[in-house]
Amino acid sequence: MHCSAAFSQAATSATAVPTISGSRHVGALHSSSSSSSCTLLIPSKPINLRFCGLRREAFGFSPSAFTRCSNSQRVRLPSRRRFKGSNVSASLGDNGIPKSFDYDLIIIGAGVGGHGAALHAVEKGLKTAIIEGDVVGGTCVNRGCVPSKALLAVSGRMRELQSEHHMKALGLQVHAAGYDRQGVADHANNLATKIRNNLTNSMKALGVDILTGVGTILGPQKVKFGTDNIVTAKDIIIATGSVPFVPKGIEVDGKTVITSDHALKLEFVPDWIAIVGSGYIGLEFSDVYTALGSEVTFIEALDQLMPGFDPEIGKLAQRVLINPRKIDYHTGVFATKITPAKDGKPVTIELIDAKTKEPKDTLEVDAALIATGRAPFTNGLGLENINVVTQRGFVPVDERMRVIDANGNLVPHLYCIGDANGKMMLAHAASAQGISVVEQVTGRDHVLNHLSIPAACFTHPEISMVGLTEPQAREKAEKEGFEVSVVKTSFKANTKALAENEGEGLAKLIYRPDNGEILGVHIFGLHAADLIHEASNAIALGTRIQDIKFAVHAHPTLSEVLDELFKAAKVKDHASNPVSEPVAV
Amino acid sequence: MATLSPFLSKTPLSNTPTISFSSSISTPLKWKSITSFSPSGSSSSRSRRRIFIVQSKIREIFMPALSSTMTEGKIVSWIKSEGDVLSKGESVVVVESDKADMDVETFYDGILAAIVVPEGESAPVGAAIGILAETEAEVAQAKAKAASAGAAAPASHPVTSTPVPAVSPPEPKKVAESAPSGPRKTVATPYAKKLLKQHKVDINSVVGTGPFGRITPEDVEKAAGIAPSKSVAPSAAPAALPKPAPAAAPAAPLLPGSTVVPFTTMQAAVSKNMIESLSVPTFRVGYPIITDALDALYEKVKPKGVTMTALLAKAAAMALVQHPVVNASCKDGKSFTYNANINIAVAVAINGGLITPVLQDADKLDLYLLSQKWKELVEKARSKQLQPHEYNSGTFTLSNLGMFGVDRFDAILPPGQGAIMAVGASKPTVVADADGFFGVKSKMLVNVTADHRIIYGADLAAFLQTFSKIVENPESLTL
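This one's a predicted model, so the numbers in the text were calculated from it and none came from an experiment.

Draft legend 1. Representation of the environment of B:Val321 within the structure. All names here are of chain B. Mapped onto the fold, valine 321 is located in helix α11 (residues 308-322). Note: C-alpha distance between valine 321 and phenylalanine 463 (142 residues apart in sequence) is 9.7 Å. Ignoring any residue separated from it by four or fewer positions in sequence, one finds valine 321 in contact with Ile342 and Asp363.

Draft legend 2. Inspection of helix α15 (residues 470-480) of chain A at higher detail. All names here are of chain A. For α15, the complete set of buried residues consists of Glu470, Ala473 and Ala477. Each buried residue of α15 lies within a common arc of 60° when the element is viewed along its axis, so the set occupies one face. In α15, those exposed residues whose orientation departs by more than 90 degrees from the buried face are Glu478 and Lys479. Buried positions along α15 lie against α13 (311-322), β21 (485-490), β22 (506-511) and β23 (518-525). Count one or two residues on from α15 and you reach glycine 481, which has phi positive near 70°.

Draft legend 3. Quick look at the sheet that holds strand β15 (residues 367-370) of chain A. All names here are of chain A. Spatial strand order, β8-β15-β9-β10-β11: five strands in an open sheet with parallel pairing. Two strands lie at the open edges of the sheet, namely β8 (257-259) and β11 (327-331), each paired on one side alone. Direction aside, neighbouring strands of the sheet carry axes that sit 20° apart on average. Here strand β9 (residues 272-276) pairs with β15 via four bridges, running parallel.

Draft legend 4. A look at the side chain of B:Ser442. Locating B:Ser442 in the fold gives a position in strand β17 (residues 438-451). Beyond its immediate stretch of four places on either side in the chain, B:Ser442 contacts B:Ile289, B:Ile290, B:Thr291, B:Asp292, B:Asp295, B:Ser426, B:Lys427 and B:Pro428.

Draft legend 5. The interface of chain A and chain B, seen in detail. Between chain A and chain B, the residue contacts involve 46 residues of the former and 35 residues of the latter. In this assembly, chain A packs against chain B so that about 3,400 Å² is buried in total across both faces, 53% of it on carbon and sulfur atoms. When residues of chain A are sorted by the area they lose upon contact with chain B, A:His175, A:Arg319 and A:Lys326 head the list and together hold 18% of the total. Joining chain A to chain B, the criterion identifies two salt bridges.

Draft legend 6. Local environment of the state of the cysteines. All names here are of chain A. What the rule picks out here adds up to one disulfide over all chains. The disulfide bridge from cysteine 140 ends at cysteine 145, spanning 2.4 Å between sulfur atoms. You can call cysteine 140 buried: its relative accessible area is 14%. By relative accessible area, which is 30% here, cysteine 145 ends up partly exposed.

Draft legend 7. Main features of the nonpolar core. Residue and element names in this part refer to chain B. Grouped together as the largest cluster of nonpolar side chains are 54 residues, with contacts concentrated most on Ile344, Phe396, Met421, Phe463 and Phe467. When residues in this core are grouped by element, the largest group, nine residues, is from α11. Not counting residues within four places of it along the chain, the set of residues in contact with methionine 421 comprises Phe396, Thr397, Leu398, Ser399, Val446, Asn447, Val448, Phe463, Leu464 and Phe467.

Draft legend 8. Region of the structure containing the sheet that holds strand β16 (residues 419-432) of chain B. Residues and elements named next belong to chain B. Pairing is mixed in the open sheet, where six strands are placed in the order β10-β17-β16-β15-β11-β14. Looking at which strands have only one partner, the edges of the open sheet turn out to be β10 (282-290) and β14 (358-359). Running over the sheet, α11 touches β11 (344-346), β14, β15 (396-400), β16 and β17 and is turned about 145° from β15.

Draft legend 9. Examining the pattern of salt bridges more closely. Under the defined criterion, the tally for this structure stands at 35 salt bridges over all chains. Put simply, A:Glu470 and A:Arg474 hold a salt bridge, and the shortest N to O gap is 3.2 Å. With A:Glu470 and A:Arg474 both in helix α15 and four residues apart, the pair spans about one turn of that helix. Residue A:Glu470 is classed as buried on the basis of its relative accessible area of 3%. Take A:Arg474: its relative accessible area is 34%, and that puts it in the partly exposed class. Residues B:Glu134 and B:Arg59 are paired through a salt bridge, measuring 3.3 Å at the closest nitrogen-oxygen approach. Placement of B:Glu134 in the loop between β9 (128-133) and α4 (139-152) and of B:Arg59 in strand β2 (residues 58-62) is noted, with a sequence separation of 75 residues between them. Exposure remark for B:Glu134: the relative accessible area of 33% places this residue in the partly exposed category.

Draft legend 10. Representation of unusual backbone geometry within the structure. Here the residue pair A:His460 and A:Pro461 is connected by a cis peptide bond, since its omega of 0° sits within 30 degrees of zero. Within the fold, A:Pro461 resides in the loop between β19 (455-457) and β20 (462-467). Residues A:His555 and A:Pro556 are joined by a peptide bond in cis, for which omega reads -5°. Topologically, A:Pro556 is positioned in the loop between α18 (545-548) and α19 (560-568). Even without being glycine, A:His413 reaches a positive phi, approximately 65°. Here A:His413 is to be found in strand β18 (residues 410-416). Its identity as a non-glycine residue notwithstanding, B:Asp361 has a phi of 50°, on the positive side. Position of B:Asp361 relative to the elements: it lies in the loop between β14 and α12 (367-382).

Draft legend 11. Fine view of the UniProt feature "domain: Peripheral subunit-binding (PSBD)" (unreviewed entry) in chain B. Annotation from UniProt places "domain: Peripheral subunit-binding (PSBD)" (unreviewed entry) at residues 187-224 of chain B. A distance of 18 Å separates the end C-alpha atoms of residues 187-224 of chain B, which is 42% helix and 0% strand.

Rules used throughout
- Residues numbered from 1 in each chain as written.
- Chains lettered and ligands numbered in written order.
- Predicted model: local features only at pLDDT ≥ 70, side-chain atom pairs only at ≥ 80, totals over all residues.
- Heavy atoms only, no water.
- Helix = DSSP H or I, 4+ residues; strand = E, 2+ residues; numbered from the N terminus.
- Contact = heavy atoms within 4.5 Å.
- Buried < 20%, exposed > 50% of the residue type's maximum accessible area, 1.4 Å probe, protein only.
- Arc of directions from axis to C-beta.
- Pairing = 2+ DSSP bridges.
- Axes fitted to C-alpha atoms, helices over the stretch in contact; angles between N-to-C directions.
- Buried area = accessible area lost by both parts, 1.4 Å probe.
- Salt bridge = Lys/Arg side-chain N within 4 Å of Asp/Glu carboxyl O.
- Disulfide = S-S within 2.5 Å.
- Core = buried A, V, L, I, M, F, W, Y, C linked by side-chain atoms within 4.5 Å.
- UniProt positions renumbered as here; feature names shortened; annotations may be inferred.

As structure tokens, this is what we get:
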């Protein structure tokens, strides 16, 4: 999206600065574009965005001239003096008098969402502060995606080394692969520390103020952090994230009944662990635990394992990730009571039927991991001070992440991104939402297309997806009256996958045959998480199948799985080419 | 892996019958185009009308033709197990075609009575791979049919077609469900449950030895009479490694106070080789050798850096030149493999392990080069930098325990080689010479273990004779 905005600017500057050959080319491309989705994004006035590594200064614009927005009445930042709490409130009256604030933007929560927003805000010339009550990096970096990837990297290798059949097929001989639990745990912890430091340093280097303490909203444009520090900002972003959700009746002791927070420390590897919930988190942990020698029992409230995945992908994933492994499962049941191991007794799990609520079974296992999803972390945020009522803990927002109050009105200058709004509980979605908000507060309207945000599950092999699942697409097609087609390609036909002896996999494209629009792409197979971006970028940029199918992929690479997918799709002849023919330069 | 479903397929073929497998003998025409019928089906079609009521409810599941070129298919996995209730449209089995794996669905409700072709095996298109019974009562009858179908199916292994006992095995599921009412619940781990199903073991016949009396995978394998070697090893190995898990101790109970130290990689490799050696029929031949001349030579060349190991290796190599069969090996139990090079492996104890650095072309290199080479190899072995070809290319092994005062011993033949020589200490001994004079000479006992499939007693004896001549007249060693 940024790029399409930058195109217009590049086009203008290209005439003046013809030496920038790259921008001329792109400018030419853009000027002949007729895509409505692209033109929507072009702002009415030039704005500053980086383009192909060139800072805005390269175009000779003064930053301040363009970051000033029509609705921005703030004074120039560097010369502004700090206000004490008392006179800030005095200046809040909406009477047209220019207001002064400590910051242009305050972000509450320094997770991946807050970090992404802060970096973009600095780039846009905003004076930015970020409030963190715990550790920089939030869930993702400290207790989520980051350390879990370290564990999964280990489990992937372990699994490979243990698979005698796989090794033999490659002509390799490995005897008695083993692991050191503490070593694995240290790897995860070291990675988290490293990424956390990187995050902290990147913000410090750019001049983002990191304010330590719990942030509470006192009123419009006013935030308290720590015990009694009060700061004001023109705009505030809530990015407080989430915590593991533990259903009632489950007693988490952190040792034998644990959440992902504890599991990532890998303090012990039980012989037998029950995982409550078979979503991303549960699935990834099942991959880790089975590779390290545990047996796993899934407990899933819905009738099917892996709800939320495209059914076909889910079915295949179950066949590869569940059935051949030391995993069994109970579906359609709730775990009503989980008691940690004590007094020489194992962990007991009481199951009831999800529909009839009748007692069904009692399990005795060595440990239980609660992976039933995540709950927003919005307590103590002071939302009552601005008349906002959470819905199941989530902060209600509109499609522009603007917070909605109890009466259904927008709260001015207040936004909420990431897990706290519950729109799409993924780290990179939070970051994208944050960037979108910064775009808005700097004068460029921006609505994030959530259907272009990819998601991935880092099992072995990986699962990834973007856009709609097939049932969702068919439902939408039914409602809106268009046709849906599906094509699939197998990793079995991909040279690189076969060279790796990892032919197990499927890629699936759901699209509109009438205009070539990509509705969804789902991949299960080797490096699926890395492969999805070609599809997610195509959706984000509005690229149609009839165009992307001519893009060239290096051979032999896994990316050819997608290449084949696009080429296999049948788009009706009359579908127009939204992007013009490439221009030779 | 692609799944193909008649309901989701993008190809607008109505009904997509290409993947249906289940054909009833009462409706043969409909499916005839895609599945051929096994002879056993046609026999029951006589007086169809009468038998229809009974017979038609037992259906054979055929190997479907997934492509026009497919003649045979491999069963990747059975999604359903014997005794599972199937409903129309459910995926039952995954069949591998040349390009992808495909789910095959049933067009009938029923019970999967028997699996005729198990996972991993192939069957020609149209052959019965499983039997579907409509009701519980017909399961036994279907099993009988499965037995005959299995016998008729040409591609499936005879082992798999052994008739399942007429009494249907109790379903593990049912046992599990009825168990909670009893006084003590039987608990089996997920993998144990899979093994129970796979080996058709009744859960009640297994005694759980795991924590809290639960049934472990090892218990099931024991009950199924499987040596817990192949499938347990991968599961037990990782479990035994982490320090806090004293879990895997399946065989003998540990004596109190004893500790279990897992093998290092090198030790594991030794263990594996030793077990493998048991499959080779070996015999041993011993020979006394007078070493005074060799000792004298050794004293002479020692200042030039020559070691006893190099001397012995060189002597053995020179003897092997004359007796190539002792340098041969038996790879497949059917032939001699004569090695082009004489590579003498020498067993070395190192850091609690055992490794055999190899002196390559020991017959061609002179003593001094050989000694130099040996020093390098030992250095590399100590620093664990030996390349695979430097320890696994031996054609004959030398093991010397003489320096410890061992006078004779017996070596185990390493896999892939024809013979190994065990060298004892050279000790002053009273010997009588040919003229009847007594004298004290240094005598060393060597003992060669050889693979009797290729090396016979006379071969070994002749080799040892040559070897002793070289050692007793060692001048040739320095040439």
